[in-house]
Amino acid sequence: MKQTIRGTKDIFSPEIDLWVYLEHVARTTFTQFNYKEIRTPLLEYTEVFQRAIGESTDVVGKKMYTFNDRGDTSITLRPEFTAGVIRSAIQHDFLNKHLQKLFYFGPIFRYERPQKGRQRQFNQVGVECIGYDSVKSDVEIIVMSDLFLKNIGITTHIFKINTLGSKESRKRFTVELNSFLESKKSELSEDSQRRLTTNPLRILDSKSPQDRLVLSDAPLLSSFLSAEEVSRFESIKETLKLLSIPFEESNHLVRGLDYYSHFVFEITGTKLGSQDSLGGGGRYNNMFEEFGAKPTPCIGVSFGMERLILELEGQSNLLSKPTSVYILVAKQEYYSLALKLQSELISATLCCVYFDLAEKSFKNQMKEANNSEADFVLIIGEDEVANSTISVKNMKTSEQIVVKMEELANYFSKLS
Ligand code: AMP
C-alpha cells in the first residue's frame, strides 16, 4: 500500500492534542493584541508569489509546487502566507475597512530535502500588520511573539535581530559586497558561488564554515545605512532592552525572502539541532507596490508549527483534558439507558462520555475503560436499573459511590 508522500506527515492522537493547544493559544494571544483571523486559499495564481517574493529567492526559484490546472493556468500551492494575505488585503481594500492586523495558521508547501524539522508540507502560524511604519509596530510584533512563545510554554528562545535598511542602502551595499565576494569566488561554497549571480545578499547567512571564513572580512551592511536608518534600529533595541526582551544583534541575518527591508529577525529554539529556527519575520514595505498598489508599510512574523511542537515535545502537562467517563453495562439490553445517559451528560457537562461500541463482556468493558484511561466508570447493573441509580467508580482512587440517576448530570457538572 502507498504511504504518505515524502516530506508530509499524518498528525493524530496523542500529538494532535498539542496542535489543538497551539492553535488555541495562538488564537487567544493574537486576538488579545486585537488581531483578526484570516484564511486565504491554499491555491493562488503563481504570479502572486513570483511578484511578491521575487524570482531569485530559493522559495520561488526552487521550492514551489507549481502546476498548470485543467484550464492551463499556472497555479501554485501556498509556499508562505504573506503574499496571499497582502493579495487579499489589496483585493478587499482592508485599509479602508480598518482591517490592518491579521493572524493566520495553516499548511505551507515547499519542495525541500526532508529531515527532522524540515518537511514539504508543514504548517505556519503568524501575523501581518499592514499600514504602519512606526517603531512601535516593529516592537509590538516582537513583544507579541515573545508572549505567544511564553504562553505556549517556550521560555528559552532567543531573538536575533538586524536591520537591512532601505532598498537604496541595500543596493549600495550589494555593489560593494559583490565585488568583495567576486574577488573571493573560488573560496566560496558551490551554493554561494551560484548565489553570487542570483542573490548575493543570501550568502551572508550561509552556514557553511568555508563561507563563514570568507565573510569574516566582508563589508558590513551597517556601514551603508543612513543616519535615520541607524537611529531607527537603535530605538528598537533600546525599547526591547527597556522591556527586558533578550535579543542578539546578528549583522549577517538577511532572511530568505527578497521582500524584507529595515527591521528583520529570527527566533531560535534550543532543542531543534540544525533546524533551530522557530520563526522569523520583519518589515516589508514594498510588497503593495510589487502588486501595483499604493505603497503601504507592513511587518509580519511567522512560526513553523512543527518546530514549535518539537520544542514542546514531552510537555504533556501543558494540556488540559476533559474528565472522561466510561459507561459500563452488565447486560446488552441496558445500552439504550447508556445512550440516554451519554446524551444527558454531554449536554450538561464538559465531560467526554463513551462506552463499548462492540458487544464486549462486562470484564472486557472494564479492560477497555482501563486502557482508555477513563477517569470515571459508570456501572449500569441489575440493582442500579431496579433502583434508578448509577454506581460511579473513581478510577484514580478506586472509590465507588451510588448516585441517583437524575442527579448524575449535576454530580459531573460540578466536577468538570
Ligand atoms: P520562512 O517563511 O522561510 O521565514 O520560515 C518561517 C518558519 O517556518 C521557520 O522559522 C521555520 O520554523 C518554519 N519552516 C520553514 N521551512 C520549513 C520546512 N520545510 N519544514 C518545517 N518548518 C519550516
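Before any of the text, the structure's been laid out above.
Residues numbered from 1 in each chain as written. Predicted model: local features only at pLDDT ≥ 70, side-chain atom pairs only at ≥ 80, totals over all residues. Heavy atoms only, no water.

Our focus in this paragraph is the overall build of the chain. Per the secondary structure count, the chain includes 15 helices and 16 strands. In terms of overall dimensions, the chain is more spread out than a globule: its C-alpha atoms have a radius of gyration of 28 Å, far above the 22 Å expected for 416 residues. Taken along its principal axes, the extent of the C-alpha atoms in the chain is 90 × 50 × 45 Å. Counting all 416 residues of the chain, 50% fall into the buried class. Put simply, of all contacts in the chain between residues at least 6 apart along the chain, 69% involve residues at least 24 apart. In the structure as shown, the chain presents an accessible area of about 21200 Å², 51% of it carried by carbon and sulfur atoms. (Helix = DSSP H or I, 4+ residues; strand = E, 2+ residues; numbered from the N terminus. Rg over C-alpha atoms; globule rule 2.2 N^0.38 Å. Buried < 20%, exposed > 50% of the residue type's maximum accessible area, 1.4 Å probe, protein only. Contact = heavy atoms within 4.5 Å. Areas by Shrake-Rupley, 256 points an atom, 1.4 Å probe, with all protein chains shown as cover.)

Now for the packing of helix α1 (residues 15–32) against helix α11 (residues 305–312). Close contact between α1 and α11 brings their axes to 11 Å; oriented N to C, the two are set at 115 degrees. By the angle class used here, α1 and α11 are roughly perpendicular. Seen from above, α1 lies across α11 with right-handed handedness. Touching E15, L18, W19, Y21, L22 and E23 of α1 are M305, E306, L308, I309 and L312, all from α11. Looking at the contact of α1 with α11 residue by residue, the class counts come to eight nonpolar, no polar and three charged. (Axes fitted to C-alpha atoms, helices over the stretch in contact; angles between N-to-C directions. Parallel < 35°, antiparallel > 145°, perpendicular 65-115°, else oblique. Left-handed = near helix turned anticlockwise from the far one by under 90°. Nonpolar A, V, L, I, M, F, W, Y, C, P; charged D, E, K, R; others polar.)

Attention now moves to the pattern of salt bridges. Within this structure, the stated rule accounts for 24 salt bridges. The salt bridge involving R255 is made with E266; its shortest N-O contact spans 3.0 Å. Here E266 lies in strand β9 (residues 263–268) and R255 lies in the loop between β8 (247–249) and β9, a separation of eleven residues in the sequence. We note that R255, like E266, is buried. In the salt-bridge network here, residues are joined through shared partners; they are D133, D138, R232 and R283. (Salt bridge = Lys/Arg side-chain N within 4 Å of Asp/Glu carboxyl O.)

Here the focus is unusual backbone geometry. Omega for the bond connecting S13 with P14 falls within 30 degrees of zero, at 5 degrees, which places this linkage in the cis form. Position of P14 relative to the elements: it lies in the segment before α1. With phi around 70 degrees, N34 is a residue other than glycine that occupies positive phi space. In this structure N34 comes out as partly exposed when scored by relative accessible area, which is 47%. The phi torsion at H98 lies on the positive side, around 55 degrees, for a residue other than glycine. With respect to the helices, strands and loops of the structure, H98 is situated in the loop between α4 (82–91) and β5 (101–109).

Relative to the helices and strands, Y354 is located in strand β13 (residues 352–355). Measuring from C-alpha to C-alpha, the distance between Y354 and F103 comes to 36 Å, with 251 residues separating the pair along the chain.

This part is about a nonpolar patch on the surface. On the surface, L42, L43 and F67 cluster together to form a nonpolar patch covering roughly 250 Å² of accessible area. Following the sequence through the fold, L43 ends up in strand β2 (residues 43–45). For L43, a relative accessible area of 45% corresponds to the partly exposed category. (Patch = residues over 30% accessible without salt bridge, like charges linked within 9 Å, V, L, I, M, F, W, Y side chains within 5 Å.)

Helix α15 (residues 408–415) packs onto helix α12 (residues 335–348) with a crossing angle of 40 degrees between their chain directions and a minimal axis gap of 9 Å. The angle between the axes of α12 and α15 places the two elements in the oblique class. Our pair here, α12 against α15, has a crossing hand that is right-handed. Mapping the contact onto sequence places L341, L345 and A348 in α12 and L408, A409, F412 and S413 in α15. Taken together, the residues that form the contact of α12 with α15 break down as six nonpolar, one polar and no charged.

Around the ligand lies a shell of 14 residues, among which R110, E112, Q119, R255 and S277 are the nearest. R110 is positioned such that a nitrogen or oxygen atom in its side chain is 2.8 Å from an oxygen atom of the ligand. The contact in question runs from an oxygen atom of the ligand to an N or O atom on the side chain of S277, over 2.6 Å. Coverage of the ligand by the protein chains reaches 90% of its 490 Å² of free accessible surface. Residue assignment for the shell around the ligand shows that the elements contributing at least two residues are β6 (121–130), β10 (277–283) and β11 (298–304). Counting residues per element, the shell around the ligand draws most heavily on β10, which supplies three residues. For the shell around the ligand, the per-class residue count stands at two nonpolar, seven polar and five charged. (Near = heavy atom within 4 Å. Polar contact = N/O pair within 3.5 Å; in protein donor to acceptor, adjacent residues only side chain to side chain.)

Right, let's talk about the sheet that holds β5 for a bit. With mixed pairing, eight strands are arranged side by side in an open sheet as β1-β5-β6-β11-β10-β9-β7-β8. The strands lining the two open edges of the sheet, one partner per strand, are β1 (36–37) and β8. Here five bridges tie β10 to β11, and the two strands are oriented antiparallel to one another. In the strand pairing of β11, G281 is matched with V301. Against the sheet, α4 touches β5, β6 and β11, its axis set at about 40 degrees to β6. (Pairing = 2+ DSSP bridges.)

Without other data, these values stay purely geometric and don't point to any function.
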